Amino acid sequence: MIYRYEDLGEDQFEELIVLLCRHLLGASVKGFAKGPDGGRDAKFVGTAELHPSKAAPWQGTVISQAKHTNGYNKSFSEAEFYSEKSQNTVLGKEIPRIRKLRNAGDVDHYMLFSNRRLSGGADADLTAYIAKETGLAKGSVYLCGVEQLESWLKQFPAVAKLAKLDPVDSPLIVSPDELSDVVQAFASHRPTVGAALDAPPVERISYEDKNVLNQMTADYARTQRRLYLKDTAQIQAFLAAPENIKILTAYETAVEEFQLKIIAQRKKYQEFDAVMNYLVDLLFARDPVLRQNKRLTRAMIFYMYWNCDIGLGSDDAAA
């Protein structure tokens, strides 16, 4: 994905969906407003311009809903979103509202947008479920997940621009997947790695000079060194072991993403303390393995910094 929708606020996500619906349906789409039953809908009345196609557009009243989640890598198939056995789900709570609108003649077509992944099987199952429970035709129900959302934003780049989703201005967002694999492997093999060696990795630039170059405060740098320097030798030995070549590849992939994102998103005035804290907090929020190994995760991030894999280093100082 180009955009990390989970980091948008609910209002910004709804604004994005309204702008997109105006491209798909028409300029008269009314933005999300709270109804008497507490639901929030966007509404269009007329003949759609592009949806589902120019040749066979929807006609009548279209109700659109936006269901945003802050969770990472969520899907439509999760029980919290949909379950035929429970109405206490995101979708279950909306079914009575849509049924009520349908019975009153206030909806002919229904669209549901979410920043969740939508598989082909889930799309078919949920569409059939919504149609059965609301009385709408299957062809009048449309679900949009991140895959289709991304496709439309590529087709209509003006929507992303109007919604202020320019990736250059987005927060520092990284994937935890590769680092999670590294931390999990290191945690399980740590007893066999051996005691920490006396000598840490060879510094490519002195720690003090690196801190100045990266604008890391002296107190933060001293604390980091005191807490995690003793772990660096074990981490280096583990990554260098021939049998851990796949883990080393995962580490290098994580380093590449972290470094590129830091370079692109870090503000010139920003102290590196904030970058480090933001990075680990984001990783903890996005991955259960990293949350369960907080100290080791922090040690791994320190190793990246100490080893000049992230942040400015000797080449930057020379330049």
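Notes on the structure follow. (Residues numbered from 1 in each chain as written. Predicted model: local features only at pLDDT ≥ 70, side-chain atom pairs only at ≥ 80, totals over all residues. Heavy atoms only, no water.)

Bringing the environment of isoleucine 95 into the picture now. Here isoleucine 95 shows up in helix H2 (residues 90-103). The class of isoleucine 95 is buried, set by a relative accessible area of 1%. Separated by 36 residues in sequence, isoleucine 95 and alanine 131 have C-alpha atoms that sit 9.7 Å apart. Residue contacts for isoleucine 95: discarding those within four places in its chain leaves Tyr129, Ile130, Glu133 and Thr134. (Helix = DSSP H or I, 4+ residues; strand = E, 2+ residues; numbered from the N terminus. Buried < 20%, exposed > 50% of the residue type's maximum accessible area, 1.4 Å probe, protein only. Contact = heavy atoms within 4.5 Å.)

The next point concerns the packing of helix H1 (residues 10-24) against helix H4 (residues 146-155). At a closest axis distance of 11 Å, the pairing of H1 and H4 adopts a crossing angle of 60 degrees. Taken together, the axes of H1 and H4 lie oblique to each other. As H1 packs across H4, the resulting crossing turns out to be left-handed. For the pair H1 and H4, the contacting residues are Phe13, Leu16, Ile17, Leu20 and Leu24 in the first and Leu149, Trp152 and Leu153 in the second. Along the lines of polarity and charge, the residues of the contact of H1 with H4 split into 8 nonpolar, no polar and no charged. (Axes fitted to C-alpha atoms, helices over the stretch in contact; angles between N-to-C directions. Parallel < 35°, antiparallel > 145°, perpendicular 65-115°, else oblique. Left-handed = near helix turned anticlockwise from the far one by under 90°. Nonpolar A, V, L, I, M, F, W, Y, C, P; charged D, E, K, R; others polar.)

Orientation of helix H7 (residues 207-214) relative to helix H8 (residues 218-240), taken along the N-to-C sense of each, is 135 degrees, at an axis distance of 11 Å. Comparing their axes, H8 and H7 come out oblique. Of the two elements, H7 crosses H8, and the hand of that crossing is right-handed. Contact with H7, carried on its side by Tyr207, Glu208 and Asn211, involves Ala221, Gln224 and Arg225 of H8 and no other residues of that element. When the residues that make up the contact of H7 with H8 are grouped by side-chain class, the tally is 2 nonpolar, 2 polar and 2 charged.

Here histidine 51 and proline 52 are connected by a cis peptide whose omega angle stands at -5 degrees. Within the fold, proline 52 resides in the loop between strand S2 (40-47) and strand S3 (59-67). Of note in this structure, glutamine 215 is not a glycine but carries a positive phi near 60 degrees. Counting through the fold element by element, glutamine 215 comes out in the loop between H7 and H8. You will see that cysteine 308, though not glycine, has its phi angle at about 60 degrees, which is positive. Relative to the helices and strands, cysteine 308 resides in the loop between helix H12 (294-306) and helix H13 (314-318).

Take the pattern of salt bridges next. Considering all chains together, one arrives at 15 salt bridges under this definition. Linking arginine 97 and glutamate 94 is a salt bridge whose minimum nitrogen-to-oxygen distance equals 2.6 Å. With a gap of 3 residues between them, arginine 97 and glutamate 94 both fall in helix H2, about one helical turn apart. When its relative accessible area of 10% is taken as the criterion, arginine 97 is described as buried. Using a relative accessible area of 9% as the deciding quantity, one classes glutamate 94 as buried. As a salt-bridge pair, arginine 222 and aspartate 219 come within 2.3 Å of each other at their nearest N and O atoms. Here the residue arginine 222 and the residue aspartate 219 both occupy positions in helix H8, the gap between them amounting to 3 residues, near one helical turn. (Salt bridge = Lys/Arg side-chain N within 4 Å of Asp/Glu carboxyl O.)

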